[in-house]
2 protein chains.
Amino acid sequence: MQLNKEQVLQALSNVEEPDLKKDLVTLNMIQDIHIEGNRLSFSVILTTPACPLKGLIENACRNAISHFISPAVEVSINMTSRVTTQKNTGVPGVKNIIAVASGKGGVGKSTVAANLALGLAATGAKVGLIDADIYGPSVPIMFGLEGAKPQASQVNGKTRIEPIEKYGIKLLSIGFFTDPNQPVPWRGPMVSSAVKQLFNDADWGELDYLVVDLPPGTGDIHITVTQSFPITGAVIVTTPQNVALADAKKGIGMLMMDAINVPILGIIENMSYFTPAELPENKYYIFGEGGGVKLANMINAPFLGEIPMVKSISESGDAGKPVVLTEDGILSKAFLHLAERVAQQISVYNAKATDLQDVINR
Amino acid sequence: MQLNKEQVLQALSNVEEPDLKKDLVTLNMIQDIHIEGNRLSFSVILTTPACPLKGLIENACRNAISHFISPAVEVSINMTSRVTTQKNTGVPGVKNIIAVASGKGGVGKSTVAANLALGLAATGAKVGLIDADIYGPSVPIMFGLEGAKPQASQVNGKTRIEPIEKYGIKLLSIGFFTDPNQPVPWRGPMVSSAVKQLFNDADWGELDYLVVDLPPGTGDIHITVTQSFPITGAVIVTTPQNVALADAKKGIGMLMMDAINVPILGIIENMSYFTPAELPENKYYIFGEGGGVKLANMINAPFLGEIPMVKSISESGDAGKPVVLTEDGILSKAFLHLAERVAQQISVYNAKATDLQDVINR
């Protein structure tokens, strides 16, 4: 038997990318085919390292070679990725901007933003995080960076701010530039200009995902950010009670306005229930049950999961090490799952929005 | 024995108002003395109907008459009140403005504001509530007033908005003027002008306390409200975790700035712990323990109490009937206690800030 490239591509054209609904060959995802006798190696270029279907796709490739060519072929597959993009984000080198928004404050938006960013980075993606919550920045405490000051340098006569790196991601918080013990009684225009600098004047380098922790509400920062930087999509955080859902709906309403038009990647419900260690079977739905799913159905967006109330979330946030990095099995799994779902949604949006061949090759 | 007025005043001058640290006669709190044989009646004019020391003061008066005059005197005391004021609040007829603020959102500020207002009203005070949280108004849902539209009339060529009355208090919410399904993507100046109208253009009538539910943060609304309407004092709501405390500190810092100078009436800690019905002895400090007390000590303000996480709080809020009005013993007691403590603090501040004789007589 003499293996050839055409045979391989023919066989792999039977494998469909489940999210993008096209076969891997059409999607230009198969590259670097090498053949030596009956030994075959190739790369599968996924659209995100956080692809939850990685194992499934790899298996399907092996099965296709075995079935359509021969079980005797020794297959070695390099599962890799190149994160897609669809539009100019307005920030050089940044492929996708993910807004984390909530409508209501205190629903755990910053916790979700931090753990989402770290979850994406854990899969191998290059990730940045902007904490744009000017009146209540959380990143300095959550990452144990109180008092940290980003370095600034002059490049071609312009100021460049160096994001701070911690736990493998790049960080900027409005809190790095204000005194934590002083209030920030700033009116809108001052706030807008400060937030814009976090995007424009920082040296983000190459990023697959830049996660932006927006403040609650639908005010100056939201208008400025969404109008200045095309957002790839938004993750909406809510808690289950009606008053939170009402605010979340308004936040979503703003993002969906024609002039703004940010795709909703999905809804995540925080503080869903509490389980005491002594009663591991019991779930106490203190803030009500099923609100997140209801909201997701209402706006026809994916429901990305529920995060229980666990002491370790606020403890780890207070201790400067977000929970996704800790040993807490349930929570770190929940946030890694969230990161995969969000990355998947972005891949799908990017594929829909652009000519896919072009996307993969960028 | 022939009783006379001087004897009575002499006897009662031995009774001290425990908060104001002066005797009732000096404070001009004893009025309407009537004597008929050995029957004596008089009124004690407290500085708030919510006075938690009402019973204690009444007892002390009876003891003083018995001890300094004679046990044979038949005493009838009318415990009443006239709420004090100290400065022009900028809203005609309104004696005191109480701001409820938090720094961080989602800590239960609106729940506290609504239940505080109703708790004050339950003691007999005349109370109004302004929901100034433009991006996330909660009053329409919490009071079961979705879709309600306040009436507007023309008085002397100026528009007068009629607050809506429910459960014995007068209400205005920015949410009555916006579509609950539409976002409010307003920049600062528009927000400030809308909030000012809730104070200036409404027919509040005579109010002892006007409670203002401020949005989270330290932005346009805070600057506008504190600069336009002298606030009697602020109640700060926090949850126990560090990230919430950090934001609360900033909110407090803003209120204490020289240019703003709002007295802090105290700190209330919400979501302090959870107790499952099956384990009534257990308190689960999900968000950490003792943060509220720590903050109160740090800024040298009274700690006004802790509110546990109980499902009925969010349920009753969602159902349009705040929990202080429900049968939940622990919570309605906690909020009534809060109302008393706040009213007490205001009396003390008013007494300190002005010539007290003058205050009582106003």
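Conventions we followed
Residues numbered from 1 in each chain as written. Chains lettered and ligands numbered in written order. Predicted model: local features only at pLDDT ≥ 70, side-chain atom pairs only at ≥ 80, totals over all residues. Heavy atoms only, no water. UniProt positions renumbered as here; feature names shortened; annotations may be inferred. Helix = DSSP H or I, 4+ residues; strand = E, 2+ residues; numbered from the N terminus. Phe/Tyr/Trp six-rings, centres within 6.5 Å; stacked < 30°, edge-to-face > 60°. Buried < 20%, exposed > 50% of the residue type's maximum accessible area, 1.4 Å probe, protein only. Lys NZ or Arg CZ within 6 Å of the ring centre and 35° of its normal. Domains from an automatic or database assignment. Contact = heavy atoms within 4.5 Å. Salt bridge = Lys/Arg side-chain N within 4 Å of Asp/Glu carboxyl O. Polar contact = N/O pair within 3.5 Å; in protein donor to acceptor, adjacent residues only side chain to side chain. Nonpolar A, V, L, I, M, F, W, Y, C, P; charged D, E, K, R; others polar. Pairing = 2+ DSSP bridges. Axes fitted to C-alpha atoms, helices over the stretch in contact; angles between N-to-C directions. Parallel < 35°, antiparallel > 145°, perpendicular 65-115°, else oblique. Arc of directions from axis to C-beta. Least-squares fit on C-alpha atoms with pLDDT ≥ 70 in both. Left-handed = near helix turned anticlockwise from the far one by under 90°.

*Asks:* Help me understand the UniProt feature "domain: MIP18 family-like" (unreviewed entry) in chain A, please; the structure alone is not making it clear to me.
*Replies:* As annotated by UniProt and renumbered to match this structure, "domain: MIP18 family-like" (unreviewed entry) occupies residues 5–75 of chain A. The annotated region residues 5–75 of chain A carries 32% helix and 30% strand content, and the separation between its end C-alpha atoms amounts to 13 Å.

*Asks:* Help me understand the packing of aromatic side chains, please; the structure alone is not making it clear to me.
*Replies:* Per the counting criterion, the structure on display carries nine aromatic pairs over all chains. Arranged with centres 6.0 Å apart and planes meeting at 35°, the rings of B:Phe143 and B:Tyr167 form a pair that is tilted. Here the residue B:Phe143 occupies a position in the loop between α4 (139–142) and β8 (152–155), and B:Tyr167 occupies one in the loop between β10 (164–166) and β11 (169–173), the gap between them amounting to 24 residues. Classification of B:Tyr167 by relative accessible area gives partly exposed; the value is 31%. An aromatic cluster of at least three residues, connected via ring pairs, comprises A:Phe274, A:Tyr284, B:Phe274 and B:Tyr284. For the cation-ring pair, A:Lys352 lies above A:Tyr349, with the distance from its terminal atom to the ring centre recorded as 5.6 Å.

*Asks:* Please clarify how the domain arrangement of chain A should be interpreted in this entry.
*Replies:* Note: interface size is frequently given as the accessible area lost on complex formation between the parts. Residues and elements named next belong to chain A. Annotation of chain A at the domain level lists domain 1 (5–81) and domain 2 (94–361). Counting residues at the interface gives 13 residues for domain 1 and 16 residues for domain 2. Between the two partners, domain 1 and domain 2, sit zero salt bridges. Our count for the domain 1 to domain 2 interface comes out at three residue pairs in polar contact (both at pLDDT 80 or more). Residues of the side of domain 1 that touches domain 2, tallied by class, amount to seven nonpolar, five polar and one charged.

*Asks:* What's the story with the sheet that holds strand β14 (residues 264–274) of chain B in this structure? I'm lost.
*Replies:* Working definition: the strands of a sheet are paired by backbone hydrogen bonds and lie parallel or antiparallel to each other. Residues and elements named next belong to chain B. Strand order in the open sheet formed by eight strands is β10-β11-β7-β12-β6-β13-β14-β15, and the pairing between neighbours is mixed. Strands with a single pairing partner mark the edges of an open sheet, and in this sheet they are β10 and β15 (303–309). Pairs of neighbouring strands in the sheet enclose a mean axial angle of 25°, with direction left out of account. In this sheet, β14 lies alongside strand β13 (residues 233–238) in parallel orientation, the contact comprising five bridges. Residue Ala234 lies in a different strand from β14, and its bridge partner there is Ile264. Contacts from helix α5 (residues 188–200) reach β6 (94–101), β7 (127–131), β11 and β12 (207–213), with the element oriented near 170° to β7. The sheet strands contacting helix α7 (residues 242–256) are β6, β13 and β14, and the helix crosses β13 at an angle near 170°.

*Asks:* Please clarify how the packing of helix α3 (residues 109–122) of chain A against helix α10 (residues 329–353) of chain A should be interpreted in this entry.
*Replies:* Any two packed helices are characterised by how steeply their axes cross, that is the angle between the axes, and by the distance between the axes. All names here are of chain A. Across the interface, α3 lies against α10 with an axial gap of 8 Å and an inter-helix angle of 75°. Accordingly, the angle class assigned to the pair α3 and α10 is roughly perpendicular. Within the contact between the two elements, α3 uses Thr111, Val112, Asn115, Leu116, Gly119, Leu120 and Ala122 and α10 uses Phe335, Leu336, Leu338, Ala339, Val342 and Ala343. By residue class, the composition of the contact of α3 with α10 is ten nonpolar, three polar and no charged.

*Asks:* Got a minute to help me understand helix α1 (residues 5–12) of chain A in this structure?
*Replies:* Since there are 3.6 residues in each turn of an α-helix, residues three or four apart along the chain are aligned in direction. All names here are of chain A. Listing the buried residues of α1 in full gives Val8, Ala11 and Leu12. What you see down the axis of α1 is that its buried residues fit within an arc of 95°, all on one side. Away from its buried face by more than 90 degrees, α1 exposes Glu6 and Gln10. Looking at the buried side of α1, the elements it contacts are β3 (30–36), β4 (39–46) and α2 (54–68).

*Asks:* Looking at this structure, I do not really get the relation of the copies chain A and chain B. What am I missing?
*Replies:* Placing chain A over chain B gives an RMSD of 0.0 Å and needs a rotation angle of 180°, together with 0.0 Å of translation along the axis. The superposition operator between the copies reduces to a two-fold rotation axis. Interface overlap between copies: 98% of the residues of chain A at the interface are likewise at the interface in chain B, consistent with a symmetric, same-surface contact.

*Asks:* Sorry, what's going on with the packing of α1(A) against α2(A) here?
*Replies:* Residue and element names in this part refer to chain A. Orientation of α1 relative to α2, taken along the N-to-C sense of each, is 120°, at an axis distance of 8 Å. Viewed along their axes, α1 and α2 adopt a mutual orientation that is oblique. Read as a crossing pair, α1 and α2 show a hand that is right-handed. Residue-level inspection shows Val8, Ala11 and Leu12 of α1 in contact with α2, the latter providing Cys61, Ala64, Ile65 and Phe68.

*Asks:* Explain the UniProt feature "binding site: ATP" (unreviewed entry) in chain A to me, please; I cannot follow it from the model alone.
*Replies:* Using the residue numbers shown here, the UniProt feature "binding site: ATP" (unreviewed entry) corresponds to A:Gly103, A:Lys104, A:Gly105, A:Gly106, A:Val107, A:Gly108, A:Lys109 and A:Ser110. Residue position: A:Gly103 is located in the loop between β6 (94–101) and α3. Relative to the helices and strands, A:Gly106 is located in the loop between β6 and α3. Taking the relative accessible area as the measure of exposure, A:Gly106 reaches 21% and is therefore partly exposed. Among residues more than four places away in sequence, those in contact with A:Gly106 are A:Met271, B:Lys104, B:Gly105 and B:Gly106.

*Asks:* Would you mind showing me how to read unusual backbone geometry here?
*Replies:* A negative phi angle characterises most non-glycine residues, just as the trans form characterises most peptide bonds. Even without being a glycine, A:Tyr167 presents a positive backbone phi close to 50°. Notably, B:Asp32 is not glycine yet its phi reads approximately 55°, a positive angle. Checked against the element boundaries, B:Asp32 lands in strand β3 (residues 30–36).

*Asks:* How do you make sense of the pairing of β3(B) when you look at a structure like this?
*Replies:* Side-chain direction in a regular strand flips from residue to residue, so the side chains alternate between the two faces of the sheet. Judged from the five bridges that link them, β3(B) and strand β4 (residues 39–46) of chain B form a sheet pairing that is antiparallel. Opposite B:Gln31, over in β4(B), you have B:Ser43 as the bridge partner.

*Asks:* Honestly, the sheet that holds strand β5 (residues 74–81) of chain A in this entry has me stumped. Any pointers?
*Replies:* Residue and element names in this part refer to chain A. Ordered by their spatial adjacency, three strands build an open sheet running β3-β4-β5, and the pairing between neighbours is mixed. Since the sheet does not close on itself, it has two edges, and those belong to β3 and β5, each with one partner. On average, adjacent strands in this sheet sit at an angle of 15° to one another, irrespective of strand direction. Contacts from α1 reach β3 and β4, with the element oriented near 135° to β3.

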